[in-house]
Amino acid sequence: MFEALEAAAADAILGLITEHKNDPRSDKIDLGVGVFRTAEGETPVLDVVKQAEQRIIDTQQSKAYIGTAGDPDFNALMQDLTFADAADADRVLTIQAPGGSGALRVAAGLILRARPGARVWVTDPTWANHIPLLGGAGLELEPYPYYDDENHVIRVDDMLDALSKMPAGDLVLLHACCHNPSGVDPREDDWRAIADIIVERDLVPFVDMAYQGFAHSLNDDAFIVRHLAGLVPEMIVTNSCSKNFGLYRDRVGSLSVLCADKASRDIVNSQVNNIVRTIYSVPPDHGAVVVATILGDSELKAAWRVELAEMRGRLREMRVLLNDALKEKAPERDFSHLVRARGMFCFLGIAEDQVDRLKKEYGVYMVGSSRINTAGITARNVNYLADAIAATL
Ligand code: LMR
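Residues numbered from 1 in each chain as written. Predicted model: local features only at pLDDT ≥ 70, side-chain atom pairs only at ≥ 80, totals over all residues. Heavy atoms only, no water.

Describe the pattern of salt bridges, with residues and values.
A complete count under the given rule lists 17 salt bridges for this structure. R55 is the salt-bridge partner of D297, the closest N and O atoms lying 2.9 Å from each other. One end of the pair, D297, is in the loop between α11 (286-295) and α12 (298-329); the other, R55, is in helix α2 (residues 47-59), with 242 residues separating them in the sequence. Residue K360 pairs with D356 through a salt bridge whose shortest N-O separation is 2.8 Å. Pair noted here: K360 and D356 are both in helix α14 (residues 352-362), with a separation of 4 residues, about one helical turn. Taken together, the shared-partner salt bridges connect R119, E140 and D170 into one network. (Salt bridge = Lys/Arg side-chain N within 4 Å of Asp/Glu carboxyl O. Helix = DSSP H or I, 4+ residues; strand = E, 2+ residues; numbered from the N terminus.)

Here it is in structure tokens:
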């Protein structure tokens, strides 16, 4: 049966984990997969997660199945984190999902059931896994202009123009904050203009919020979700708790669907739960209970906000550090866009063969598009990194 199969290509992002791990050089640098790292290059469990886990160990009575929608407390708390009071609770449903990816996959199933042949417009470029994940589920995807890689800004006019030509009923995938891979987000007035066209054209917003709290703050980063919630009849929102709670391998996220009214919400709810049953049956529990324990306790929540702000601050500092080092080592090139980006990622803005040289000659790993995870930069490796980049320019 398997003789007809050919080996699948290594994943553009996850493949780098193994490549970097197998590299024997001691000065190698991993700027690939999006995980947070400390100044020591580690990805520790957040203190607040440790505290929540201890409480769970002390009090958890059962490991029996939870339902297809997951933990109701988690769902209510995630709905609040996402929408605050911007959406009519009767119109929204939120379910727990195995990471942001699981939420996206369930959303794809829902879209296909509601509107077979639906088209989803995605930013050009978008997260490398959006296309295989959503396209592989059966959705038709089309790119719309987003990033100007010469000037490292958003192509706002082109984007608005493309939106204004999209057929009514199409879905538009938006990155709520910390656009992956560019790190460049619309400004608030751009978001308002985008939302106006979405309403005018009767498009359905599909917002992926994988980095809430990594750009400015938990509230500011949810601006477009909350703004749209007051304007549109229907919307899909996917959240990930991988980054802001550091729960990567525990696979926890959520899917929220805003519906036109309560009756529609109840139908969508039944469909979503049925889809879950046909894919992974029930979601994993641990990460969601950790998140619910933190968000449901004011002290733990306050401590989490502090840790989140520290992560956000470190990402910002590392961008400045690399830009400063590059000013000195490669003064002929302007890398100031590094400092303007938000969240984990941005493009370095170098060619694919230069990315390749950085890997082969210097053990510096990044995605082929020259997307870097700024959390991989430290005060100790920044000079080596800047020298290596300068040498390949
Ligand atoms: C990334 O973009 O590096 C992360 O979202 C991890 C992943 O699954 O690709």
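Tell me about the site of the ligand, and please be specific about residues and values.
What surrounds the ligand is the set I13, V33, G34, W127, N180, Y211, K243, F345 and R371. Contact with the protein chains removes 82% of the 260 Å² of surface that the ligand exposes when unbound. Here the residues of the shell around the ligand sort into 5 nonpolar, 2 polar and 2 charged. Per-domain counts for the shell around the ligand show at least three residues from each of domain 1 (12-44 + 300-392) and domain 2 (65-296). (Near = heavy atom within 4 Å. Areas by Shrake-Rupley, 256 points an atom, 1.4 Å probe, with all protein chains shown as cover. Nonpolar A, V, L, I, M, F, W, Y, C, P; charged D, E, K, R; others polar. Domains from an automatic or database assignment.)

Can you explain helix α10 (residues 262-279)? Please cite residues and give values.
Relative to the 26 Å expected for 18 residues at 1.5 Å per residue, α10 spans 26 Å between its end C-alpha atoms, a close match to the ideal helical length. Taken as a whole, α10 has its buried residues at S264, V268, V272, N273, I275 and V276. When α10 is viewed along its axis, its buried side chains cluster within an angular range of 165° and face the same direction. Residues of α10 that are exposed and point more than 90 degrees away from the buried face comprise A263, I267, R277 and T278. On its buried face, α10 sits against β2 (92-97), α4 (99-114) and β10 (253-258). Just downstream of α10, S281 is the residue with a positive phi angle, here 70°. (Expected span 1.5 Å × (residues − 1). Buried < 20%, exposed > 50% of the residue type's maximum accessible area, 1.4 Å probe, protein only. Arc of directions from axis to C-beta. Contact = heavy atoms within 4.5 Å.)

Can you tell me about the packing of α14 against helix α15 (residues 382-392), naming the residues and giving the values?
At their nearest, the axes of α14 and α15 sit 10 Å apart, and the two run at 125° to each other. Compared by their axis directions, α14 and α15 come out oblique. Considering only the axes of α14 and α15, their crossing is right-handed. Packed against α14, whose contacting residues are Q354, R357, L358 and Y362, the element α15 presents Y384, A388, I389, A391 and T392 at the interface. Here the contact of α14 with α15 is composed, by residue class, of 6 nonpolar, 2 polar and 1 charged. (Axes fitted to C-alpha atoms, helices over the stretch in contact; angles between N-to-C directions. Parallel < 35°, antiparallel > 145°, perpendicular 65-115°, else oblique. Left-handed = near helix turned anticlockwise from the far one by under 90°.)

Explain the domain arrangement of the protein chain to me, using residue names and the numbers behind them.
Where the parts come together, the accessible area they lose is often given as the size of the interface. One can read the domain layout of the protein chain as domain 1 (12-44 + 300-392) and domain 2 (65-296). A straight line from the C-alpha centre of domain 1 to that of domain 2 covers 27 Å. In this complex, domain 1 contributes 25 residues to the contact, which on the side of domain 2 involves 28 residues. When residues of domain 1 are sorted by the area they lose upon contact with domain 2, W304, R342 and F347 head the list and together hold 28% of the total. Counting the contacts that link domain 1 with domain 2 gives 0 salt bridges. Taken together, domain 1 and domain 2 are joined by 9 residue pairs in polar contact (both at pLDDT 80 or more). Among the elements of the structure, α12, α13 (337-340) and β11 (345-347) are those that each provide at least two residues to the side of domain 1 that touches domain 2. Among the elements that make up the side of domain 1 that touches domain 2, the one with the highest residue count is α12 (9 residues). Here the side of domain 1 that touches domain 2 is composed, by residue class, of 13 nonpolar, 5 polar and 7 charged. (Buried area = accessible area lost by both parts, 1.4 Å probe. Polar contact = N/O pair within 3.5 Å; in protein donor to acceptor, adjacent residues only side chain to side chain.)

Could you give an account of the sheet that holds β2, naming the residues involved and the relevant values?
One open sheet holds the 7 strands; their spatial order is β2-β10-β9-β8-β7-β3-β4, and the pairing between them is mixed. Each edge of the open sheet is held by one strand with a lone partner, namely β2 and β4 (140-145). For this sheet, the mean inter-axis angle between neighbouring strands, taken without regard to orientation, is 20°. Bridging between strand β3 (residues 119-124) and strand β7 (residues 171-175) involves 2 bridges; their strand directions are parallel. Bridging from a neighbouring strand, V120 pairs with L171 of β7. Relative to β2, helix α3 (residues 72-83) is tilted by about 115°, and along the sheet it contacts β2, β8 (204-209), β9 (235-240) and β10. (Pairing = 2+ DSSP bridges.)

Provide a residue-level description of the packing of aromatic side chains, including the pertinent values.
The relative placement of two aromatic rings is captured by the distance of their centres and the angle of their planes. Across all of its chains, the model carries 4 aromatic pairs by this definition. Between Y147 and F347, the aromatic rings sit 5.2 Å apart at their centres with planes inclined by 45°, giving tilted as the arrangement. Residue Y147 is found in strand β5 (residues 147-148), and its partner F347 is found in strand β11; the two are separated by 200 residues along the sequence. Accessibility classification places Y147 together with F347 in one group, the buried group. Measuring from centroid to centroid gives 4.2 Å for F245 and W304, while their planes differ by 5°, and the two rings are stacked. With F245 in the loop between β9 and β10 and W304 in helix α12, this pair connects stretches of sequence that are 59 residues apart. Take W304: its relative accessible area is 0%, and that puts it in the buried class. Taken together, the ring pairs connect Y211, F214 and F345 into an aromatic cluster. (Phe/Tyr/Trp six-rings, centres within 6.5 Å; stacked < 30°, edge-to-face > 60°.)

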